[in-house]
Amino acid sequence: MKIVIIGGTGLIGSQVANILKKDHEVIVASPNTGVNTITGEGLEEALKNANIVIDVSNSPSFDDEPVMNFFKTSNQHLLPAEKSAGIQHHIALSVVGTDKLQESGYFRAKQVQENLIKESGVPFTIVHATQFFEFAGGIVATSTSEGKVKLSNAYIQPIASAEVAAFVAQIATEKPANKILEIGGPERFQLDEWIKQYILSTQKSLEVETDVNAPYSGAILEKTTLTPENPVYLGTIEYLAWISKPENQR
């Protein structure tokens, strides 16, 4: 099959490409390779004779207006182009809890993306993944103020990006589900406790302060917002085993 991966040079996209290119023709589509979903540049050519599109792209800015513009504009170009090209399956990566995090500009934009996919007429599967292990450092960066990392004690069920990529690659070769499929990691942590493990493992001198009202991407968390309700797949890589490897301690 010919499979086009939008955002194919990123963390997930590059791993998905490496898995699928063993058995399929893979087009890695990103502005760096001449395919731009914001402008529409290169889309028609990339989708020519393609069977499947995997969209794992993400906005370069998470500020409210730019992130909404990214997901809205990108999908308004991509999905009609897919329909014209006769794409048989559109797979998109989104986030567990998106519909419950609408106080956040980022998650409002992801909801718009999901709605556009459902309304597009292209057969689809939306994968809702929990937070990746690799983004613990990003959570620290965005949650630190006055020298402390302020976090909720809501539950989180993080997953290794390698397992997300493997699941997305598998789904790409199956029939469209035409619904959301939830995936997560093998362990459930309190968010503050998970980040304490990250800080300890990476030997950072930071203090975590627990605050039930601490925002996450601009939204207040309920206890289980970030955990899957009906997962179809749970990873097997445990966080402490993963973070103990030097290459993961960034």
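These notes cover the structure that comes with them. Just so it is clear, the model here is predicted, and its values are computed rather than measured.

**Regarding the packing of aromatic side chains**
Turning to step 1, where the next piece is worked out: On inspection of all chains with the given rule, the structure shows 11 aromatic pairs.
Turning to step 2, where the next piece is worked out: Ring geometry for Phe70 and Phe71: centres 5.1 Å apart, planes at 85°, overall edge-to-face.
Turning to step 3, where the next piece is worked out: Its relative accessible area of 1% is what places Phe71 among the buried residues.
Turning to step 4, where the next piece is worked out: Look at Phe133 and Tyr239: their rings are 5.0 Å apart centre to centre, the planes differ by 75°, and that puts the pair in the edge-to-face class. Taken together, the residues Phe133 in the loop between strand 5 (124-129) and helix 5 (136-143) and Tyr239 in helix 8 (residues 239-243) connect sequence positions 106 residues apart. Each member of the pair, Phe133 as well as Tyr239, carries the same accessibility label: buried.
Turning to step 5, where the next piece is worked out: The cationic tip of Arg188 hangs over the ring face of Tyr155; the distance from NZ or CZ to the ring centre is 5.4 Å.
Turning to step 6, where the next piece is worked out: Against the face of Tyr155 rests Lys223, its NZ or CZ located 5.2 Å from the ring centre.

**Focus on helix 3 (residues 64-85)**
Turning to step 1, where the next piece is worked out: Compared with the 32 Å implied by 1.5 Å per residue over 22 residues, the 32 Å span of helix 3 between its first and last C-alpha is a close match.
Turning to step 2, where the next piece is worked out: Where helix 3 is concerned, the buried positions are Val67, Phe70, Phe71, Thr73, Ser74, Asn75, Leu78, Leu79 and Glu82.
Turning to step 3, where the next piece is worked out: Tucked inside the fold, the buried residues of helix 3 contact strand 1 (2-6), helix 2 (43-47), strand 3 (52-55), strand 4 (89-95) and helix 4 (105-119).
Turning to step 4, where the next piece is worked out: Once helix 3 finishes, Gly86 follows within two positions and takes phi at roughly 75°, a positive value.

**A word on the sheet that holds strand 3**
In a beta sheet, neighbouring strands are held together by backbone hydrogen bonds and run either parallel or antiparallel to one another.
Turning to step 1, where the next piece is worked out: The strand order 2-1-3-4-5-9-12 describes an open sheet built from seven strands, whose pairing is parallel. The sheet is open, and its two edges are formed by strand 2 (25-29) and strand 12 (231-234), each paired on a single side. Each strand of the sheet is rotated relative to its neighbour by a mean of 20°, with strand direction disregarded.
Turning to step 2, where the next piece is worked out: Here four bridges tie strand 3 to strand 4, and the two strands are oriented parallel to one another. Bridging from a neighbouring strand, Val53 pairs with His90 of strand 4.
Turning to step 3, where the next piece is worked out: Here helix 1 (residues 11-20) sits on the sheet and contacts strand 1, strand 2, strand 3 and strand 4; the angle it forms with strand 1, its principal contact strand, is near 165°.
Turning to step 4, where the next piece is worked out: Lying over the sheet, helix 3 contacts strand 1, strand 3 and strand 4, oriented at roughly 165° with respect to strand 3.

**Regarding the nonpolar core**
Turning to step 1, where the next piece is worked out: Ranked by internal contacts, the top residues of the largest apolar core, which has 30 residues, are Leu191, Trp194, Ile195 and Tyr239.
Turning to step 2, where the next piece is worked out: Mapped by element, the contributors of at least two residues to this core are helix 3, helix 4, helix 5, strand 7 (148-151), helix 7 (191-201) and helix 8.
Turning to step 3, where the next piece is worked out: At five residues, the largest contribution of residues to this core is made by helix 7.
Turning to step 4, where the next piece is worked out: Not counting residues up to four positions away in its chain, the partners in contact with Ile195 are Ala136, Ile139, Val140, Val149, Leu151 and Val208.
Turning to step 5, where the next piece is worked out: Val26, Val164, Ala172 and Leu181 belong to the second largest nonpolar core, which has 25 residues in total.

The rules behind each value
- Residues numbered from 1 in each chain as written.
- Predicted model: local features only at pLDDT ≥ 70, side-chain atom pairs only at ≥ 80, totals over all residues.
- Heavy atoms only, no water.
- Phe/Tyr/Trp six-rings, centres within 6.5 Å; stacked < 30°, edge-to-face > 60°.
- Buried < 20%, exposed > 50% of the residue type's maximum accessible area, 1.4 Å probe, protein only.
- Helix = DSSP H or I, 4+ residues; strand = E, 2+ residues; numbered from the N terminus.
- Lys NZ or Arg CZ within 6 Å of the ring centre and 35° of its normal.
- Expected span 1.5 Å × (residues − 1).
- Contact = heavy atoms within 4.5 Å.
- Pairing = 2+ DSSP bridges.
- Axes fitted to C-alpha atoms, helices over the stretch in contact; angles between N-to-C directions.
- Core = buried A, V, L, I, M, F, W, Y, C linked by side-chain atoms within 4.5 Å.

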